[in-house]
Amino acid sequence: MVLAALITNTPTPDTPFKYGLEVRKFHPAKALENQTVVKVQGAAFNHRDIWILKDLYPGVVVNSVIGADAVGIVKSKGTASVEEGERVLLCPSVNWDSNPAGPEGAFRILGLLPSPGTFAETINIDSKEVFPCPAHLSTAQAAALPLAGLTAYRALFTKCQIQKGYNVLVTGIGGGVALFALQFALAAGANVFVTSSSEEKIEAAKKLGAEGGINYKDPNAIEDLKDQLNGRLINAVVDGSGGDLFAKLPEVMAQGGIITTYGDTASPNGVIFDRNLWARNCELKGTAMGSRAEFAQMLEFVDQHKVKPVVSHSFKGLTQTNLDKCISILQNGQQMGKVVIEM
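For every chain, the first residue of the written sequence is number 1, and numbering continues from 1 along that sequence. A pLDDT threshold of at least 70 governs which residues receive local features in this predicted model, and a stricter bar of 80 or more applies before side-chain atom pairs are shown or counted, although totals over entire chains, interfaces and linings include all residues. Excluding hydrogens and water, the side-chain figures rest on all heavy atoms present in the structure.

> When you look at unusual backbone geometry in this model, what are you seeing that I'm missing?
Note: most residues except glycine have negative phi, and most peptide bonds are trans. Residue Pro114 is bonded to the preceding Leu113 through a cis peptide linkage, with omega at 15°. Of note, Met289 is a non-glycine position whose phi angle comes to about 60°, a positive value. Labels follow the DSSP assignment, with helices taken as runs of H or I lasting at least four residues and strands as runs of E lasting at least two, numbered in each case from the N terminus. Here Met289 lies in the loop between strand S15 (283–286) and helix H8 (292–305). Exposure is judged per residue with a 1.4 Å probe applied to protein chains only, and the accessible area is read against the type maximum: over 50% gives exposed, under 20% gives buried, and values in between give partly exposed. Assessed through its relative accessible area of 5%, Met289 is described here as buried.

Listed below in structure tokens is the structure:
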């Protein structure tokens, strides 16, 4: 028996959720020969977990252990190229080995059955998904890295192909992917501008190294960005919202600029790609997570540049109280970085 956070049919009262989360003991399946058993030290939430609770995510399965991010210690190595007692991170992608175009198999993400989830005392996971953890990361920082870090890395480097000196716009700063996109782009030598509806989050991004930022709710936001660019143009956009500002991007895009979108949190209706963009030779690309190979590349990048993930809140202990606090923080958009529970 291990303690875990499982999806239930009983949502928390007075919330917009269809499903609930309950911390309780459960019987994990016996580990297979090709699985590594990891004692979880810390696990992090993603906004995906909120979509799951709201039934806005496909394939929700009750009694799944929630969570796609974790750092832990190897208890039994299986066929992994790590040793027992080693600290490891888990690649959250399932059935995506190395194809840069997309998954080779039936793609899944940890945190919904038949895949295991990370908010548990231990996890049995395919040994191929286990990687050594960069030594400079704390438990909370390491737990924060996998899903959002992988998504941001693929968006920036595989899709946007950013280079030193590029001007990069990252929308919705404060979320995990956006913050990693900011940190990774800065590490690569790019000039980064951000958007948010919160002036506090814009200022926090500037303290992390962003050159500038705009409030996307300001009707003059694009003019503000033009002033900050001071004659320069945007080479790459990493966007997770698809909001109203998207329609004004042609005013600041460089010839051949690339827009990569990984979400549509502002509206499920998508965005318009018209002559204002294609006539400037711009490209619109979609991305979702990343491959096992890109995960390894991302970890190498983080280790090389000593990137430290931004952790907004970290709680000690997998308890119902801590679980509920984390979900409330995410639901109300109170985070500036990742929300973590350390075991």
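Picking up after the structure, the text goes on.
> Which parts of the structure should I look at to understand the nonpolar core?
Soluble globular proteins tend to pack their nonpolar side chains together in the buried interior. In terms of nonpolar packing, the biggest core is built from 66 residues, with Leu90, Leu145, Leu156, Ile162, Ile173, Phe184 and Met298 touching the most fellow members. Whether two residues are in contact is decided by their heavy atoms, any of which lying within 4.5 Å being enough. Excluding its chain neighbours within four sequence positions, the residues that come into contact with Ile162 are Leu156, Phe157, Val168, Ala185, Ala188, Ala190 and Ala236. Nine residue types can take part in a nonpolar core, namely buried Ala, Val, Leu, Ile, Met, Phe, Trp, Tyr and Cys, and a core is a set of them joined through side-chain atoms within 4.5 Å. In this structure, Phe45, Ile66, Leu323 and Ile341 belong to the second largest nonpolar core, which totals 24 residues.

> Looking at this model, I keep getting lost on the pattern of salt bridges. Mind explaining?
If the charged atoms of two oppositely charged side chains come close together, the side chains can form a pair. Any Lys or Arg side-chain nitrogen located within 4 Å of an Asp or Glu carboxyl oxygen qualifies as a salt bridge. Under the definition given, this model contains 15 salt bridges. Here Arg232 ties to Glu211 by a salt bridge, and the two come within 2.5 Å at their closest N and O atoms. You can see Arg232 sitting in the loop between helix H6 (221–229) and strand S13 (234–239) and its partner Glu211 sitting in the loop between helix H5 (199–208) and strand S12 (212–215), a full 21 residues away along the chain. You can call Arg232 partly exposed: its relative accessible area is 29%.

> Could you clarify how one ought to interpret the layout of surface pockets in this entry?
Here the idea is plain: a probe the size of a water molecule rolls over the atoms and shows the empty space left. Counted as a void, the largest pocket has a volume near 1,400 Å³. Each cavity reported here is a set of points on a 1 Å grid over the protein atoms alone in which a 1.4 Å probe fits but cannot get out, each pocket an open set with protein on both sides within 12 Å along at least five of seven lines, and each lining residue one with an atom within 4 Å of a point. Around the largest pocket sit 50 residues that line it, and His47, Trp51, Gly240, Tyr262 and Thr265 are the ones nearest its centre. In this structure, the second largest pocket occupies an estimated 560 Å³ of space. Here the lining of the second largest pocket takes five residues from strand S8 (residues 122–126), the largest share from any one element. Amino acids outside the nonpolar list (Ala, Val, Leu, Ile, Met, Phe, Trp, Tyr, Cys, Pro) and the charged list (Asp, Glu, Lys, Arg) are all regarded as polar, and Gly is one of them. Considering only residue class, the lining of the second largest pocket consists of 13 nonpolar, 10 polar and six charged. Grid points are joined across faces, edges and corners, and a volume is the space filled by probe spheres set on the points.

> It is not clear to me how a nonpolar patch on the surface should be interpreted in this structure. Could you clarify?
Patch membership is restricted to residues that have no salt bridge and whose relative accessible area is over 30%. Joining uses 9 Å for like charges and 5 Å for the nonpolar side chains Val, Leu, Ile, Met, Phe, Trp and Tyr. The method behind every accessible area is Shrake-Rupley, applied with a 1.4 Å probe, and residues are considered shielded solely by the protein chains displayed. A contiguous nonpolar surface patch, about 330 Å² in accessible area, is contributed by Val271, Phe273, Trp278 and Leu284. Checked against the element boundaries, Leu284 lands in strand S15. Owing to a relative accessible area of 33%, Leu284 belongs among the partly exposed residues under this scheme.

The quantities given are spatial measurements derived from coordinates; they are silent on function.
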